[in-house]
Amino acid sequence: MSKVLSMKNIRKSFADNEVLKDISLEVEKGEVVAIIGPSGSGKSTFLRCATRLETIDSGEIYYGDECMARTDEKSGVIYADKAQMKRINKKFSLVFQNFNLFPHMSVMKNITSSPISVFGVPKAQAEKTAMSLLERMGLEDKAKAYPCELSGGQQQRVSIARALALNPEILFFDEPTSALDPELTGEILKVIRGLAKDKMTMVIVTHEMSFARDVADKIIFMDDGYVVEQGDAKELINNPKSDRLKAFLSRFEN
Amino acid sequence: MNSAQLLLIIKRLAEGMLTTTEIFALTLVLSLPLGFVFCFMRMSKNKALSTVMKVYISIMRGTPLMLQLMVVFFAPSLLFGLTLSWQGWRFTAVIVGFVFNYAAYFAEIFRAGMESISPGQYEAANILGFSKGQTFFKIILPQVIKRVLPPVTNETITLVKDTSLAFVLSVMEMFTEAKQIVATTSSIAPFIVAAVFYFVFNAIVAAVMGKIEKKLSYYN
């Protein structure tokens, strides 16, 4: 199996507050990893470091063989240059909690603008890809709609289609259902299940424990900037070893 | 007053209206982009640059435009001893004064617009690989334009009325003409006609801006 993502010894502080304390993660092709943990445990920051929305203080991040960031003893963290970053950028995408669709663009333009203007995909081809993604999301009739005309669940599905438009090797989800009511949560989880079935490599930060157990191969439990426990998804949820994970999971049982 | 006199007044004011429109159009065309430049300087991470801009804007907003026009006009001769006998200097000074004053106001309007865009828009653009320039022109600017349109309309309407301040430099715009006719004929009619001109001009401005706003209302 080949590694799609490899993050080693990641550290990140905001001012005096160390949010990530030496975190490592390796994701194999086709693997689904769920990251769980209480609020403020560093889960989202970890994803934001992986996607370069935040810069790391030390550690290394590789996508396949391409180095996005590494730490040199003398000069600290060195990030990939522009040309390299553009190649790496194509390998991953991120689905946000709040969708972050572009409100002034139609659904079609939301999905095709990056492929066309950033990566030079011919318009006709980009639109064809977008249509097939919309069909996959059950939104083929919404291509001309604007985000404000869609429900939260539909907006999130559009943002998943947008993230898939460049055929990334790995897809990150940052609490993709936290902004949705329970009814709409179901439709997003269904889409992610479908992607898992198609062997899409994914890293999902989520508060949906049963979903994480069912869909993920591996779960990572983070607390206070550390990985407290990790392992096989079912095993970890059904037989938690650490007291902290036990305490965390007990809050979800009712 | 007979209708021939009234017609004469209208004709002279209409001629002045050309200069008024010129001041209006030039100011708008130059101060809008300059406003964006000032906005970027004001929002710059460079502390010195943003402080300079902050002070500049507070001076522009804190002192009368009429005074600023006179400073611009007299500065070359009174500060540097230059004699500007050039015919167009009065008009140029008016334009320079207006542009730098309005750009300061527009900069603050744009800043409010820029700051109202959620950081998530920048982050999504970043993830999708857009460069900084693309992010600004394709993602941020269209949304900022929609949001700043109502305050920009306000400023534009104020500008139409402010063009009358050009009289302090004796630029023969419409209001300067009106004052001269009043002085020579002792009739209030020129002022009434001038008021009608301004009112109609602003009605047109409001209608045009309303149309643009409506055009951008396809999303919210």
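Residues numbered from 1 in each chain as written. Chains lettered and ligands numbered in written order. Predicted model: local features only at pLDDT ≥ 70, side-chain atom pairs only at ≥ 80, totals over all residues. Heavy atoms only, no water.

Colleague: A description of the sheet that holds strand β1 (residues 3-14) of chain A should follow, citing residues and the corresponding values.
Modeller: All names here are of chain A. One open sheet holds the 5 strands; their spatial order is β2-β1-β4-β5-β6, and the pairing between them is antiparallel. Every interior strand has two partners, whereas the edge strands, β2 (17-28) and β6 (76-79), have only one. Geometrically, the sheet is characterised by an average inter-axis angle of 15° between neighbouring strands, direction not taken into account. With 4 bridges joining them, strand β5 (residues 66-72) and β6 adopt antiparallel strand pairing. Bridge pairing links R70 to I78 in β6. Contacting β1, β2, β4 (58-63) and β5, helix α1 (residues 43-50) runs over the sheet at an angle of about 120° to β1. Running over the sheet, helix α2 (residues 82-89) touches β4 and β5 and is turned about 125° from β5. (Pairing = 2+ DSSP bridges. Helix = DSSP H or I, 4+ residues; strand = E, 2+ residues; numbered from the N terminus. Axes fitted to C-alpha atoms, helices over the stretch in contact; angles between N-to-C directions. Contact = heavy atoms within 4.5 Å.)

Colleague: So, the interface of chain A and chain B: which residues are in play, and what are the values?
Modeller: Taken together, the 23 residues of chain A in the interface contact 19 residues of chain B. On the chain A side of the interface with chain B, the three residues burying the most area are A:F102, A:P103 and A:H104, jointly 29% of the side's total. At the junction of chain A and chain B, the tally comes to 1 salt bridge. Put simply, B:E123 and A:R48 hold a salt bridge, and the shortest N to O gap is 2.7 Å. Linking chain A to chain B there are 7 residue pairs in polar contact (both at pLDDT 80 or more). Of all elements in the fold, only β7 (92-95) and α3 (107-117) of chain A reach the threshold of two or more residues within the side of chain A that touches chain B. When the residues that make up the side of chain A that touches chain B are grouped by side-chain class, the tally is 12 nonpolar, 8 polar and 3 charged. (Buried area = accessible area lost by both parts, 1.4 Å probe. Salt bridge = Lys/Arg side-chain N within 4 Å of Asp/Glu carboxyl O. Polar contact = N/O pair within 3.5 Å; in protein donor to acceptor, adjacent residues only side chain to side chain. Nonpolar A, V, L, I, M, F, W, Y, C, P; charged D, E, K, R; others polar.)

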